[in-house]
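Structural overview
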Amino acid sequence: MTAATRWGPVLLLCAGGVLAGGQFAKVSVEFTRLQALYGVAPARMGLALSTVGLVGLLFGVLAGGLAPRIGFRRLLLAGLAGGAALSALQALVPPFGWFWASRVPEGLSHLAIMVATPALLLHASAPAHRAVVMGLWTTVVGLSFAVLAGVDRLLPAGLAPRDALAGHALLMAAAAVAVRLCVADAPAAPGARRPGLLALHAQAYADLRTALPGLGFFFYAFPTIALITFVPPASGAGAGFATVLPLLATAGTLAAGWLARQGSAGTRLALRAYAALALSALALALAARLAGPVAPLAPLALLVLACAGLAGGASATLIPQLHADPAGQARASGVLVQLGNLGSVTGPPLFAALAVPHGLAGLALLTALAALGAVGLMAAAGRRLERS
């Protein structure tokens, strides 16, 4: 535990997280151009996009359990260096089968970064700043999409896929060198008997303190990516609205870290954030149903995304509040990555099924139902933690 927060390593580690988010964003932002470059159907390119997330879904808890044995900084360096090599390979535009196959080890690279970094961040942070740092960490994936989309829009002809992939490779390699030189390792715990995959899952999900941050985060990931995707066309707002939505979610996650530091910590903050999300989503559903598609619904939609970000950030700040040791933080981070990917994989298809027949009202109502589920979870978890 450090007496003073080392903000240089903290910001460097968060930058590495932004680059890990770029493992999704580089394909998402370049989706149409990559599809044209390879001449494949949207469904095949969509599978290539989602492969990284599926790896995290399958192996998130395993990575969290093994991270202390491997070493947190060693695991992070492997993730950054491996991600750099894979992006460089993809920049050579290999045949599509090889491109798709490269997304499997890239999923392992992404997982290594996302599991190892929180323990290193918290090791570099003073106790008073840990909630703020975890709120900052929760923004990294959204920031990667915003940065890459912004660069793409600023260039007259947009980014070429090769340039995006090569630039990502160079930045990840630079981040690996910087981490090697500037980031101190967190204490690990080698030597314990290595449990099997099923035993790791059983241990993680049987321990409420380990599972709760990820369970809460699921209810954030489940609606948020879908809302960012489907709300702009359903609301009839312009292109600028599509840019502002993820920024509001990012602002919400930052606010969660600040509020947790001010004393609104633990399940109380997550409970209130999800209650606000449920109320704002119900208000949007009612307004969309009563007022029709021409009503000015953008302010309500922005409020929903801000509340969603607040709820996701509050869930992530539970990790340092419930675990003081790096090994416990890594296990909780593994669950969070796994359940966050589960929400990201399952949410968009369900929201897409509602978007056409029910429009914005259907999207908002499903969001409210998910948020109410999270309210029940946090209320029950809070009572159980108080008794323990």
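Residues numbered from 1 in each chain as written. Predicted model: local features only at pLDDT ≥ 70, side-chain atom pairs only at ≥ 80, totals over all residues. Heavy atoms only, no water.

The name given to the protein chain in an unreviewed UniProt entry is MFS transporter, with the source organism recorded as Pelomonas lactea.

1. Description of the packing of helix α5 (residues 96-123) against helix α6 (residues 130-137)
We count it as follows: For every element, the axis is a line fit to its C-alpha atoms; helices are fit only across the contacting stretch, and the angle between N-to-C directions ranges from 0 to 180 degrees. Under the scheme used here, helices are H or I runs from DSSP no shorter than 4 residues and strands are E runs no shorter than 2 residues, and both carry numbers assigned from the N terminus. The labels follow the angle: roughly parallel below 35 degrees, roughly antiparallel above 145, roughly perpendicular from 65 to 115, and oblique for the rest. Take the far helix as your reference; a near helix turned counterclockwise from it by less than a right angle gives a left-handed crossing, and one turned clockwise gives a right-handed crossing. Any two residues whose heavy atoms approach within 4.5 Å are treated as being in contact.
Across the interface, α5 lies against α6 with an axial gap of 10 Å and an inter-helix angle of 155 degrees. Compared by their axis directions, α5 and α6 come out roughly antiparallel. Judged by the twist between their axes, the crossing of α5 over α6 is right-handed. Residue-level inspection shows I113, M114, T117, P118, L121 and L122 of α5 in contact with α6, the latter providing R130, V133, M134 and W137.

2. Observations regarding helix α3 (residues 42-70)
Formally: Throughout, the bend at a residue refers to the angle made by two axes, fitted to the seven residues ending there and to the seven starting there.
A maximum bend of about 60 degrees is found in α3 at F59. G71 sits one or two positions beyond α3 and adopts a positive phi of about 105 degrees.

3. Here's the deal with a nonpolar patch on the surface
How we decide: Patch membership is restricted to residues that have no salt bridge and whose relative accessible area is over 30%. Joining uses 9 Å for like charges and 5 Å for the nonpolar side chains Val, Leu, Ile, Met, Phe, Trp and Tyr. Using a 1.4 Å probe, accessible areas were evaluated by the Shrake-Rupley method; residue-level cover was limited to the displayed protein chains. Salt bridge criterion: a side-chain nitrogen from Lys or Arg within 4 Å of a carboxyl oxygen from Asp or Glu. Relative accessibility under 20% of the residue-type maximum defines a buried residue, over 50% an exposed one, and the middle range a partly exposed one, all with a 1.4 Å probe and only protein chains included.
A cluster of nonpolar side chains, namely L279, L282, L365, L369 and L372, defines an oily patch on the protein surface of about 470 Å² accessible area. Taken together, the elements giving at least two residues each to the nonpolar patch come down to α12 (266-291) and α14 (326-387). If you tally residues by element for the nonpolar patch, the top one is α14, at three residues. On the accessibility criterion, L365 (42% relative accessible area) is partly exposed.

4. Description of the confidence of the model for the protein chain
Here is the rule we go by: Along the chain, pLDDT gives the predictor's confidence residue by residue, from 0 to 100.
Residue-level pLDDT values for the protein chain average 85, and 92% of them are 70 or greater. Within the protein chain, helix α11 (residues 239-261) has the poorest average pLDDT of any element, 77, and helix α4 (residues 72-91) the best, 96.

5. Points about the packing of helix α9 (residues 197-206) against α14
How we decide: Residue polarity follows a fixed list, in which Ala, Val, Leu, Ile, Met, Phe, Trp, Tyr, Cys and Pro are nonpolar, Asp, Glu, Lys and Arg are charged, and the others, Gly among them, are polar.
Remark: α9 packs on α14, axes separated minimally by 10 Å, with the N-to-C direction vectors making an angle of 80 degrees. The angle between the axes of α9 and α14 places the two elements in the roughly perpendicular class. Of the residues in α14, those in contact with H201, A204, Y205 and A206 of α9 are V335, Q338, L339 and R384. For the contact of α9 with α14, the per-class residue count stands at five nonpolar, two polar and one charged.

6. Describing the pattern of salt bridges
Tallied over the entire structure, the rule returns three salt bridges. Of the charged contacts in the structure, one is a salt bridge between E106 and K26, with a shortest N-O distance of 2.5 Å. With a gap of 80 residues between them, E106 in helix α5 and K26 in helix α1 (residues 7-29) connect regions that are remote in the sequence. Between R33 and E30 there is a salt bridge whose closest N-O contact spans 3.3 Å. Under the relative-accessibility criterion, E30 is labelled buried at 1%. A cluster of three or more residues bridged by salt bridges with shared partners is formed by K26, R103 and E106.

7. Focus on the state of the cysteines
Threshold: Disulfides are defined as pairs of cysteine sulfur atoms found within 2.5 Å of each other.
Taken as a whole and assessed by the stated rule, the structure comprises zero disulfides. Not part of a disulfide, C14 finds its nearest cysteine sulfur in C182, a span of 15 Å. Its relative accessible area of 6% is what places C14 among the buried residues.

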